[in-house]
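Residue-level structural notes
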Amino acid sequence: MDSGLQVVLEGLLLLSHHDPHQRIVGLSMIDDHEIILNCLDDLEDAVVLHALTRLKQCILDTCVDGVPSVHDRLTSVITDPCYSVSVRISCIDALKALINAHDVRIPTRGNKRLHDLVFIDICDLAICDFEPDIRRAGFELIADLKQVDNLLLKQAFAKGRIDDLADLVPDSACGLFVHGMEDEYERVRVACMRAMDAHLPRDVLNPLIIDPLIDGFNDDSSTIRLQSVKLLTKIAKQYSISLEEENAEALASLLVDDERVVRTSVHELIAIVRLGSVACLNAIFRWFTRTVLFYPKEHGDLVRLAYNLGITHPLFVCEMIPTWLRLEKYYKPPELRVEDANYLLVLSCIFGAYSVNPDDIGDFLPSHITSKHYWYIRGLYPDVIPSITFP
């Protein structure tokens, strides 16, 4: 008898042994994925875990025709709460190995690509499973999926069902990331954010991605707040993002966050997003006032941010100047206290706007602004306020 065949027969014999240690030895002698899959029904976790280890080792040698059966069996175990958490997570790892080895279409499932099929199968798991570690592992698997269909991702970022996609995308993908960001466990929300990062829009900005990230600004976890800001900053560097008042208010509220790293990251984001209205600029300056109160040592950073806001939103600054400087049609404008920290932020923003739109901004500025107050703030912050020659 061929020695290889004899080893397999010995392995098969050991698989029926009453001692689980012997069954594990038998598994080590088997390379056939169908036989290994049958061992997932074993009552001993140790045997099942070893079977999954062997399966991952054999997946590269699995023929394409065998992929559907491996996928179906692993999915059935992953979604079965009768199995232990460790077994189900090991199944998710095996499914990840299968996807990496075989990017194929499954004829029995509508000829869908394996990546899309797994995404659909795992969506419910990531949202609804009772075990938080399974939900976390589900999002981690979703993060590792490559080139998921854009329609699936569009629905996954949406808070509600998109009518145009009702016949194309299953219910399981509806609001995937929205629900993930609302999970009660921080480790699940962190995994959800990693998945969102992995599936950022590749060609065209999907505006639906903004809302889940804005929701992350209010998270109890500083890790989630920070990652929400960083991810939105990453998007804003690639696409033009415009925030309306409610979202601008949520963003500006992080200026007084307990964590310094969050506040610093917010400065970078505010400097590059577009504000949708004057009300947005007003909201940010309201939070500037609170930031000066809570973190006076960060005033220099706020001066720089205010200057950048002036550069990017000169028309809004034009609208705000009469209110900021208390300009009246029939009265001489008052000379505000230049030592006031909040007034210095207003000046910085005005001079930023002046640098890109001197004609319109200059028409509003009283002489004491251009003669005395400019030199005062430039003396304090020469690295922020540049040299300006006024008419």
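Everything in this summary refers to the structure shown in the same document. (Residues numbered from 1 in each chain as written. Predicted model: local features only at pLDDT ≥ 70, side-chain atom pairs only at ≥ 80, totals over all residues. Heavy atoms only, no water.)

Focus on the nonpolar core
- Ranked by internal contacts, the top residues of the largest apolar core, which has 138 residues, are F119, F139, F177 and F288.
- The greatest single-element share of this core, amounting to 10 residues, is contributed by helix 19 (residues 341–356).
- Not counting residues within four places of it along the chain, the set of residues in contact with F288 comprises L255, L302, L305, A306, L309, N342 and L345. (Core = buried A, V, L, I, M, F, W, Y, C linked by side-chain atoms within 4.5 Å. Buried < 20%, exposed > 50% of the residue type's maximum accessible area, 1.4 Å probe, protein only. Helix = DSSP H or I, 4+ residues; strand = E, 2+ residues; numbered from the N terminus. Contact = heavy atoms within 4.5 Å.)

What to know about the side chain of E298
- Topologically, E298 is positioned in the loop between helix 16 (278–294) and helix 17 (299–312).
- Within the structure, E298 has its side chain in polar contact with the side chain of R260 (distance 3.0 Å).
- Aside from chain neighbours lying at most four places away, what touches E298 is R260 and R263. (Polar contact = N/O pair within 3.5 Å; in protein donor to acceptor, adjacent residues only side chain to side chain.)

Concerning the environment of I78
- Relative to the elements of secondary structure, I78 occurs in helix 5 (residues 67–78).
- Put simply, I78 and G138 are 60 residues apart on the chain and 9.5 Å apart in space, counted from C-alpha to C-alpha.
- Leave out the neighbours within four places in its chain, and I78 touches R88, C91, I92, L95 and L125.

Let's talk about the packing of helix 7 (residues 114–128) against helix 9 (residues 150–157)
- Contact geometry for helix 7 and helix 9: axes closest at 11 Å, N-to-C directions at 20 degrees. Compared by their axis directions, helix 7 and helix 9 come out roughly parallel. Remark: the crossing between helix 7 and helix 9 carries left-handed chirality. Side by side, helix 7 and helix 9 meet where D116, F119 and I120 of the first sit next to L152, L153 and A156 of the second. (Axes fitted to C-alpha atoms, helices over the stretch in contact; angles between N-to-C directions. Parallel < 35°, antiparallel > 145°, perpendicular 65-115°, else oblique. Left-handed = near helix turned anticlockwise from the far one by under 90°.)

Notes on helix 7
- For helix 7, with 15 residues, the first-to-last C-alpha span of 22 Å sits near the 21 Å given by 1.5 Å per residue.
- Taken as a whole, helix 7 carries its principal kink of about 30 degrees at I122.
- Of the positions making up helix 7, those classed as buried are L114, H115, D116, L117, V118, F119, I120, D121, I122, C123, L125 and A126. (Expected span 1.5 Å × (residues − 1). Bend = angle between axes of the 7 residues up to and from the residue.)

Examining the layout of surface pockets
- In this structure, the second largest pocket spans a volume of roughly 170 Å³.
- In this structure, the second largest pocket is lined by T323, W324, R326, L336, R337, D340, N342, Y343 and V346.
- Broken down by secondary-structure element, the contributors of at least two residues to the lining of the second largest pocket are helix 18 (314–324) and helix 19.
- Top contributing element to the lining of the second largest pocket by residue count: helix 19, with three residues. (1 Å grid on protein atoms, 1.4 Å probe; cavity = no way out; pocket = protein on both sides within 12 Å on 5 of 7 lines; lining within 4 Å. Points joined across faces, edges and corners; volume = space filled by probe spheres on them.)

Considering unusual backbone geometry
- Positioned with a positive phi, Q147 is a non-glycine residue whose angle comes to about 55 degrees.
- In this structure, Q147 sits in the loop between helix 8 (132–144) and helix 9.

Describing the pattern of salt bridges
- Counting across every chain of the model gives 21 salt bridges.
- Note that R187 is salt-bridged to D133, the shortest N-O span being 2.8 Å. With R187 in helix 11 (residues 186–198) and D133 in helix 8, this pair connects stretches of sequence that are 54 residues apart.
- Assessed through its relative accessible area of 37%, R187 is described here as partly exposed.
- For R189, the salt bridge is made with D219, and the minimal N-O distance between the two is 2.7 Å. You can see R189 sitting in helix 11 and its partner D219 sitting in the loop between helix 12 (210–216) and helix 13 (222–238), a full 30 residues away along the chain. Pair check on accessibility: R189 and D219 agree, each one buried.
- Salt bridges sharing partners connect three or more residues here, namely D133, R136, E140 and R187. (Salt bridge = Lys/Arg side-chain N within 4 Å of Asp/Glu carboxyl O.)

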